[in-house]
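Breakdown of the fold
Now for the letters of each chain:
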Amino acid sequence: PLKPFNTFGIDVNASQFAAISSVEDLKDVLNTNPSDILILGGGSNILLTKDVDALVLQINLKGIRVLSELENRVQIEVAAGENWHEFVCWCLKENFGGLENLSLIPGNVGTAPIQNIGAYGVELKDSFVSCEALHIQTKELKVFTKEDCNFGYRNSIFKQELKGQYIITSVVFELSSQHHILKTNYGAIESK
């Protein structure tokens, strides 16, 4: 049953299902060479209208870790299965700035770079450093820099040339740790 894994709560079934909690799990499942797969993150950007005759991979990779702290900047690596809004709330609690305008966006961290999520004049690419992704066919991990991702308005290389070829496993962000610069000059924010 996929009802608990999509925000519309549509009661459909998958012919096969695997909850992925490690990169090794992901490689093992892909090594079975499934003919059709559906990658499922937070289930918020998909409308399931009928049963899914494919292997559904629910990416449930967890973990947030600080990689480095220098003066006013911090780099954080976040696993793909972390809930986006909960991650933004964690950043606020830790006093890390840069993502606050992106709160309440549904979905998971691993799917955020695919469409370069954005809100109120801020986009993911503004704080993005890199992401690690697993190639579905070769099972090799690759690091994609901001430049590699070719970000555009709600767009990236993962929606274009590399669509359906990679599964993002983690994302690295660079945020401010003090002297935050709030972006409040967006129309909807300024009018409040």
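Residues numbered from 1 in each chain as written. Predicted model: local features only at pLDDT ≥ 70, side-chain atom pairs only at ≥ 80, totals over all residues. Heavy atoms only, no water.

**Description of the sheet that holds strand β2 (residues 37–40)**
With parallel pairing, 3 strands are arranged side by side in an open sheet as β1-β3-β2. Two strands lie at the open edges of the sheet, namely β1 (14–20) and β2, each paired on one side alone. When strand polarity is set aside, the average angle formed by the axes of neighbouring strands in this sheet is 25 degrees. The sheet contact formed by β2 and strand β3 (residues 52–59) spans 4 bridges and is parallel. Counterpart to Ile37 in the pairing with β3 is Leu55. Docked against the sheet, helix α1 (residues 23–30) engages β1, β2 and β3, running at close to 160 degrees with respect to β3. (Pairing = 2+ DSSP bridges. Helix = DSSP H or I, 4+ residues; strand = E, 2+ residues; numbered from the N terminus. Axes fitted to C-alpha atoms, helices over the stretch in contact; angles between N-to-C directions. Contact = heavy atoms within 4.5 Å.)

**Focus: the packing of aromatic side chains**
Taken as a whole, this structure holds 9 aromatic pairs when the rule is applied. Summarising the aromatic geometry, the rings of Phe144 and Phe158 are spaced 5.0 Å apart at their centres and angled 75 degrees between planes, so their arrangement reads as edge-to-face. In this pair, Phe144 sits in strand β9 (residues 141–145) while Phe158 sits in the loop between α3 (146–149) and β10 (166–176), placing the two residues 14 residues apart along the sequence. On the accessibility criterion, Phe158 (7% relative accessible area) is buried. Ring pairs connect the aromatic residues Trp84, Phe87, Trp90, Phe96 and Phe173, which therefore count as one cluster. (Phe/Tyr/Trp six-rings, centres within 6.5 Å; stacked < 30°, edge-to-face > 60°. Buried < 20%, exposed > 50% of the residue type's maximum accessible area, 1.4 Å probe, protein only.)

**Focus: the side chain of Ser127**
Tracing the chain through its elements places Ser127 in the loop between β7 (122–123) and β8 (128–135). In this structure Ser127 comes out as buried when scored by relative accessible area, which is 7%. Not counting residues up to four positions away in its chain, the partners in contact with Ser127 are Gly98, Leu99, Val172, Phe173, Glu174 and Leu175.

**Quick word on the environment of Asp11**
Secondary-structure assignment places Asp11 in the segment before β1. Accessibility expressed as a relative area gives 57% for Asp11, which makes it exposed. For the pair Asp11 and Leu48, spaced 37 residues apart in sequence, the C-alpha to C-alpha distance is 8.5 Å.

**So, unusual backbone geometry**
The phi angle of most residues is negative, glycine excepted, and most peptide bonds adopt the trans form. One non-glycine residue, Asn33, lies in the positive phi region at around 55 degrees. Inspection of the secondary structure assignment puts Asn33 in the loop between α1 and β2. The backbone of Glu71 shows a phi angle near 40 degrees, a positive value even though the residue is not glycine. Note that Glu71 resides in the loop between β4 (64–70) and β5 (73–79).

**Some thoughts on the sheet that holds β10**
Sheet architecture is open: 5 strands sit in the order β4-β5-β10-β8-β9, paired in antiparallel fashion. Two strands in the sheet have a free side with no partner beyond their single neighbour: β4 and β9. Within this sheet the neighbouring strands show an average axis-to-axis angle of 20 degrees, counted without direction. Direction of pairing for β8 relative to β10: antiparallel, over a ladder of 7 bridges. Opposite Ser130, over in β10, you have Val172 as the bridge partner.

**Side note on the pattern of salt bridges**
Applying the stated rule across the entire model yields 5 salt bridges. A salt bridge links Arg65 to Glu77; the shortest N-O distance between them is 2.7 Å. Of this pair, Arg65 sits in strand β4 while Glu77 sits in strand β5, placing them 12 residues apart in sequence. Residue classification places Glu77 among the buried residues on the basis of a relative accessible area of 18%. Of the charged contacts in the structure, one is a salt bridge between Glu123 and Arg154, with a shortest N-O distance of 3.2 Å. Residue Glu123 is located in strand β7, and its partner Arg154 is located in the loop between α3 and β10; the two are separated by 31 residues in the primary sequence. By relative accessible area, which is 16% here, Glu123 ends up buried. (Salt bridge = Lys/Arg side-chain N within 4 Å of Asp/Glu carboxyl O.)

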